[in-house]
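Survey of secondary and tertiary structure
Each chain, letter by letter, is given below.
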Amino acid sequence: MTCFQSYEWNELLYEEWKAASYQQLFCELYIFTLKHKNEDKIILPLLIQKHNMKTKWYGRKRGLFILGHESYSDYLNAVYDECTDEMFEALFNGIKAAFRNIDCIFTDIRADTKFNRFLCKKDVKEIKENVSVTVSIGVDKEAYNEILSKHTRQNLRTALNRMNKDGLDYALKTLGPIDDTVLLNELRAVHIKRMKNKNGSTTDLLHKLSAMIRKSVCEYREKHNNIIYNSMQYMPNSCLIVVYLNSKVTGYLYGLRDGTIIRIMQNCFDEKYKFYSPMFRGTYDFILSCYETCDVTAIDFTRGNEEYKYKLGGIETKLYTYII
């Protein structure tokens, strides 16, 4: 399991779900537990969507989903320690008895988990694949640089040269939990701007209307009941890496420390500075700093196959969605 199965993160997920009143009209939260000799062996929080409320822009179709689905939980899983396939089967039988004729739609299950090994043996309707990408931190910074392509190393140098040539003062800060309202608002503004750009459309009127609705939904979620900003303030294992150009917040990485691994949930930057590749350079410099602190063994960039993850030496882990 990962930090996304921790009690503290699930508490934030619960608060996020509870505050979204529109969800509770058609969705209930159940927590299933399997006991053996009066000891909890498996805990599985499930969202029960009894009616299809899926639209093009938001909503959820009918099904049983693990709490954290379509949130910032990059890896979903039951919560367990030592357990067997027979225990998982008993749990499934209990779920099936409680909610007949509703599909289990379990997304983002890591390949290297007991839960995945159990699910892949089930009689499933459909299996979908996704990937996450992780950069391992070894013992030798020079060896890390050697695995990067010549083109990547040149791009990293070019990013720094462009900043220097145009008189931009580049700085990188690594922070834990923060209570700085000004900084939080700056980070939020960068992310909202980035989301609007990604959801923009310049084609026909229908697509422009669709883009406008998506942007409105994204901005509302950023400003209300935002689990990331709650996490930045209250999760003790928060890890925030901020890039500044001339003392202005230009981009950031945000994630959670999970033992000696950092799980990154957000990576965004102000596209006004795209020419300088601030987060590509910033991410690289943060990776190098981990070689010096010696308390991090990997940077997990979680879901998605974005190109920068591979350029920085990332290796894939398979994620699976099961419809049962």
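Our subject in this report is the structure included herewith.

Calculation rules
Residues numbered from 1 in each chain as written. Predicted model: local features only at pLDDT ≥ 70, side-chain atom pairs only at ≥ 80, totals over all residues. Heavy atoms only, no water. Phe/Tyr/Trp six-rings, centres within 6.5 Å; stacked < 30°, edge-to-face > 60°. Helix = DSSP H or I, 4+ residues; strand = E, 2+ residues; numbered from the N terminus. Buried < 20%, exposed > 50% of the residue type's maximum accessible area, 1.4 Å probe, protein only. Contact = heavy atoms within 4.5 Å. Salt bridge = Lys/Arg side-chain N within 4 Å of Asp/Glu carboxyl O. Polar contact = N/O pair within 3.5 Å; in protein donor to acceptor, adjacent residues only side chain to side chain. Pairing = 2+ DSSP bridges. Expected span 1.5 Å × (residues − 1). Axes fitted to C-alpha atoms, helices over the stretch in contact; angles between N-to-C directions. Parallel < 35°, antiparallel > 145°, perpendicular 65-115°, else oblique. Left-handed = near helix turned anticlockwise from the far one by under 90°. Nonpolar A, V, L, I, M, F, W, Y, C, P; charged D, E, K, R; others polar. Core = buried A, V, L, I, M, F, W, Y, C linked by side-chain atoms within 4.5 Å.

Here we take up the packing of aromatic side chains. Applying the stated criterion across every chain, the model contains 17 aromatic pairs. With centroids separated by 6.4 Å and ring planes inclined at 70°, the aromatic side chains of Phe32 and Phe99 adopt a geometry described as edge-to-face. With Phe32 in strand 1 (residues 27-36) and Phe99 in the loop between helix 3 (85-98) and strand 5 (105-110), this residue pair connects regions lying 67 residues apart in the sequence. Grouping residues by exposure puts Phe32 and Phe99 together as buried.

Moving on to the environment of Leu47. Locating Leu47 in the fold gives a position in strand 2 (residues 39-49). For the pair Leu47 and Glu89, spaced 42 residues apart in the sequence, the C-alpha separation amounts to 19 Å. Residues in contact with Leu47, not counting those within four places in the same chain, are Trp17, Cys27, Glu28, Leu29, Arg60, Gly63, Leu64, Phe65 and Leu67.

Our focus in this paragraph is the pattern of salt bridges. If you walk through the whole model with that rule in mind, you get 21 salt bridges. Each of Arg110, Asp112, Asp258, Arg263 and Asp300 takes part in salt bridges that share partners, so that together they form one network.

This next bit is on the side chain of Thr302. For Thr302, the location among the structural elements is in strand 11 (residues 298-303). A polar atom in the side chain of Thr302 sits 2.7 Å from the backbone oxygen of Ile264. Among residues more than four places away in sequence, those in contact with Thr302 are Asp74, Tyr75, Val131, Ser132, Val133, Arg263, Ile264 and Lys309.

What follows is about the pairing of strand 6 (residues 126-136). Of the strand pairs in this sheet, strand 6 and strand 12 (residues 315-323) are connected by nine bridges, and their pairing is antiparallel. What sits directly across from Glu126, in strand 12, is Ile323.

As a further point, take helix 7 (residues 181-198). For helix 7, which comprises 18 residues, the first-to-last C-alpha distance of 26 Å matches the rise-based estimate of 26 Å (1.5 Å per residue) to within 8%. Inspection of helix 7 places Leu183, Leu184, Leu187, Arg188, Val190, His191 and Ile192 among the buried residues, and these make up the whole buried set. The N-terminus of helix 7 is capped by Asp180, whose side-chain oxygen sits 3.0 Å from the backbone nitrogen of Val182.

This part covers unusual backbone geometry. Even without being glycine, Asn38 reaches a positive phi, approximately 65°. Mapped onto the secondary structure, Asn38 falls in the loop between strand 1 and strand 2. Its relative accessible area of 69% is what places Asn38 among the exposed residues. One non-glycine residue with positive phi stands out, namely Thr302, at about 55°.

A sheet is described by the order of its strands in space; here eight strands give the open sequence 5-12-6-11-10-9-8-7, paired in mixed fashion. The open sheet has two edge strands, strand 5 and strand 7 (170-175), and neither has a second partner. Shown here is a sheet whose adjacent strand axes are inclined to one another by a mean of 25°, direction ignored. In terms of strand pairing, strand 5 meets strand 12 through four bridges, oriented antiparallel. In the strand pairing of strand 12, Arg110 is matched with Leu319. Where helix 9 (residues 227-234) meets the sheet, it contacts strand 8 (238-245), strand 9 (248-258) and strand 10 (261-269), and its direction lies at approximately 75° from that of strand 9.

Between helix 6 (residues 150-165) and helix 10 (residues 278-293), the shortest axis-to-axis distance is 9 Å and the interhelical angle comes to 115°. By the angle class used here, helix 6 and helix 10 are roughly perpendicular. In this structure, helix 6 crosses over helix 10, and the sense of that crossing is left-handed. Only Pro278, Phe280, Arg281 and Tyr284 of helix 10 make contact with helix 6, whose side of the interface consists of Thr152, Asn155, Leu156, Arg157, Ala159, Leu160 and Met163. Tallied by class, residues from the contact of helix 6 with helix 10 come to seven nonpolar, two polar and two charged.

The subject of this paragraph is the nonpolar core. Counting 33 residues, the largest nonpolar core has Trp9, Leu187, Met232, Leu240, Tyr252 and Tyr254 as the members making the most contacts within it. Of all the elements in the fold, those that place two or more residues in this core are helix 1 (7-19), helix 7, helix 9, strand 8, strand 9, strand 10 and strand 12. Not counting the four nearest positions on each side in its chain, Leu240 is found in contact with Lys173, Thr174, Leu175, Ile178, Leu183, Leu187, Met232, Tyr252, Leu253 and Tyr254. Core analysis: the second largest hydrophobic core is formed by 30 residues, Tyr170, Phe286, Ile287 and Leu312 among them.

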